[in-house]
Amino acid sequence: MRRARLSEAGRLSEAGRLSEAGRLSEVAGRVASARQALKGALLPSTSTRSISIPELRDRFGGRVTAPGDAGYDQARKVFYGKWDRRPAAIVRPGSAAEVAEVVALAADRGLELAVRGGGHSLAGHSTSDGGLVLDLSALTALEVDPPARTAWAQAGLTAGAYTTAVGRHGLATGFGDTASVGIGGLTLGGGVGFLVRTHGLTIDNLLAAELVTADGHILEIDDHHHPELFWAIRGGGGNFGVATRLRYRLHELPGIVGGTLVLPADAGVIEGFMAAAAAAPEELSAIANVMVAPPMPFLPAAAHGQLILMALVAYAGEAAAGERALAPFRALAEPLADRVQPMPYAGLFEPVEDMAVTEESARSLFMDTVDAAAAATIVEHLGASTAPMAVAQLRALGGAMARVPAEATAFAHRDRRVMAGVGAVYDQAADKPVHDAWADGFAAALRQGGPGVYVNFLADEGPGRVREAYPGATWDRLVEVKRRWDPANLFRHNQNIPPDPAV
Ligand SMILES: Cc1cc2nc3c(=O)[nH]c(=O)nc-3n(C[C@H](O)[C@H](O)[C@H](O)COP(=O)(O)OP(=O)(O)OC[C@H]3O[C@@H](n4cnc5c(N)ncnc54)[C@H](O)[C@@H]3O)c2cc1C
């Protein structure tokens, strides 16, 4: 879900309270750093051959940041401040060869390895307490080939940086809804964004990848070279290796009609909005956030505290056709704010700040339709939340994404028509059980059809939920690929597909 938008509103009222918690964790952090530096900083190891920080610096020089270094607190930071973890070292390789060296080292010495692209893992998978973080953020090269409509992108790029750069050529690849998300993590999980109905998931536009495997080899894979591995990385996440470069298909997209449309919400508007989104031309994708309106400056004061539907819409095409496609949405109610206009595609990606220490209880699921009953359920459950901020997010799917056969990639939920997320944001960890129960009850009330979840919207929810991301034969096939390419489960600090699920 668009977590940053949740946090935006939360931050308005919570900044003061959170800063105190921040200071406390900073003091605790300094004490822990000093202790670790005094110990001579041996990286923990499951084998007898550990590695020391000086040895690591000998190999990777200034690319290593360790406790006690001036930049350590910045280097260990991830998007969600609640994953306030203290890695033994963070290494930022400058090439695929260096990535391979780090991977081989971690495998050889039995070190816990956390791979970080953009650092947006909901489950805190791109950081580690006491392990080695492989930070890809120095790998930001982008080679655009406009005549061929393809681009090779290094995996440390963010969706925003990629979109802005290819946008200069009037071209686009669809990622998600947030600029700061890394292209690596987003792509390997699937990639659901503003172009999903027009051009499919991000993986439907992935043509090839350069992958460092658990044995430290650098492979270029595509439909013809290691096709089974290429199948697995399209939805199977970081389970099979570290992607250092990704080759994408580009689409001509000189401009869109897009932006934020806010409507006063009730069950009728919610149902009508999602019906319009399902009936809209495929060029139009919409993400609807239903919530109690925070005091956002662009909303009239009378709307603050009222239920609203805040939608982000994008029509990937010519302006007049976009206006026609949007008319049914605008006709549902007098908009409280209408910032939908012709713009470059990159204009949709506003900068977002990292999310501080805020707690969150969120659940993601697929639905087939948002009918009157589902819309009423949404209104009822949002009204029952005791969190400072509660949201239901609805994304209309279908279109190009649904035309790809379920077995073509490791993302098998091709026939689901709506992706829903429910979430509460609050600041006291002690309140978690209450808000978790609310989120579980809300998700259960909305659920239609079989279980299923998009792996990239999973938090730390246990192996059963990872299994739900890979229904039927997809799971067995992924396990086979995992056995072949990562039998020791080196890449396990993720939504894990174990090589031997029985163990
Ligand atoms: C604010 C926000 C908005 C989001 N919006 C969307 C959206 O609109 N659509 C959508 O589809 N998803 C969205 N997501 C989910 C997002 O796709 C996942 O959180 C994704 O895993 C983030 O990728 P990252 O590289 O930033 O994260 P990281 O935390 O760096 O990585 C996440 C996982 O992927 C692995 N990984 C990352 N890069 C690589 C690599 N190069 N090779 C191997 N493994 C790697 C990591 O080890 C980790 O397990 C959103 C998340 C957030 C926080």
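Structure: see above.
Rules and cut-offs
Residues numbered from 1 in each chain as written. Predicted model: local features only at pLDDT ≥ 70, side-chain atom pairs only at ≥ 80, totals over all residues. Heavy atoms only, no water. Axes fitted to C-alpha atoms, helices over the stretch in contact; angles between N-to-C directions. Helix = DSSP H or I, 4+ residues; strand = E, 2+ residues; numbered from the N terminus. Parallel < 35°, antiparallel > 145°, perpendicular 65-115°, else oblique. Left-handed = near helix turned anticlockwise from the far one by under 90°. Contact = heavy atoms within 4.5 Å. Nonpolar A, V, L, I, M, F, W, Y, C, P; charged D, E, K, R; others polar. Buried < 20%, exposed > 50% of the residue type's maximum accessible area, 1.4 Å probe, protein only. Salt bridge = Lys/Arg side-chain N within 4 Å of Asp/Glu carboxyl O. Polar contact = N/O pair within 3.5 Å; in protein donor to acceptor, adjacent residues only side chain to side chain. Near = heavy atom within 4 Å. Areas by Shrake-Rupley, 256 points an atom, 1.4 Å probe, with all protein chains shown as cover.

**Description of the packing of helix α9 (residues 267-279) against helix α11 (residues 372-384)**
Next, step 1: Close contact between α9 and α11 brings their axes to 8 Å; oriented N to C, the two are set at 130°. One way to sum up the angle between α9 and α11 is to call them oblique. For the element pair α9 and α11, the recorded crossing hand is right-handed. In this structure, α9 uses A267, I270 and E271 to contact α11, whose residues at the interface are A372, A375, A376, I378 and V379.
Next, step 2: Of the residues in the contact of α9 with α11, the class split is 7 nonpolar, no polar and 1 charged.

**With respect to the environment of T358**
Next, step 1: Note on placement: T358 falls in the loop between β18 (341-343) and β19 (359-367).
Next, step 2: Residue class for T358 comes out buried when judged on its relative accessible area of 6%.

**What to know about the pattern of salt bridges**
Next, step 1: This structure, assessed with the given rule, holds 26 salt bridges.
Next, step 2: Of the charged contacts, one joins R109 and D108 as a salt bridge, the two residues approaching to 3.1 Å between their closest N and O atoms.
Next, step 3: Relative accessible area serves as the criterion here: at 12%, R109 is assigned to the buried category.
Next, step 4: Residue classification places D108 among the partly exposed positions, given a relative accessible area of 35%.
Next, step 5: Between E468 and R465 there is a salt bridge; the shortest N-O distance is 3.0 Å. In this pair, E468 and R465 both sit in helix α14 (residues 463-469), 3 residues apart, roughly one turn of the helix.
Next, step 6: Overall, E468 belongs to the partly exposed group, its relative accessible area being 23%.
Next, step 7: The network of salt bridges with common partners includes R363, K432, D436 and D440.

**Observations concerning the side chain of K482**
Next, step 1: Of note, K482 is situated in helix α15 (residues 473-485).
Next, step 2: For K482, the side chain forms a polar contact with the main-chain oxygen of N239, separated by 2.7 Å.
Next, step 3: In contact with K482, other than residues within four places in its own chain, are N239, F240, P487, N489, F491, N496, I497, P498 and P499.

**Details of the site of the ligand**
Next, step 1: Inspection of the region around the ligand gives 37 residues, with G117, S121, S126, V192 and Y454 positioned closest.
Next, step 2: One of the backbone N or O atoms of L186 is found 3.5 Å from an oxygen atom in the ligand.
Next, step 3: At a separation of 2.7 Å, a nitrogen atom of the ligand approaches a polar backbone atom of V192.
Next, step 4: When the ligand sits alone it has 950 Å² of accessible area, and the protein chains cover 97% of it.
Next, step 5: Counting residues per element, the ones that place at least two in the shell around the ligand are β5 (113-116), α6 (183-189) and β12 (242-249).
Next, step 6: It is α6 that contributes the most residues to the shell around the ligand, 4 residues altogether.
Next, step 7: Looking at side-chain class alone, the shell around the ligand contains 16 nonpolar, 18 polar and 3 charged residues.

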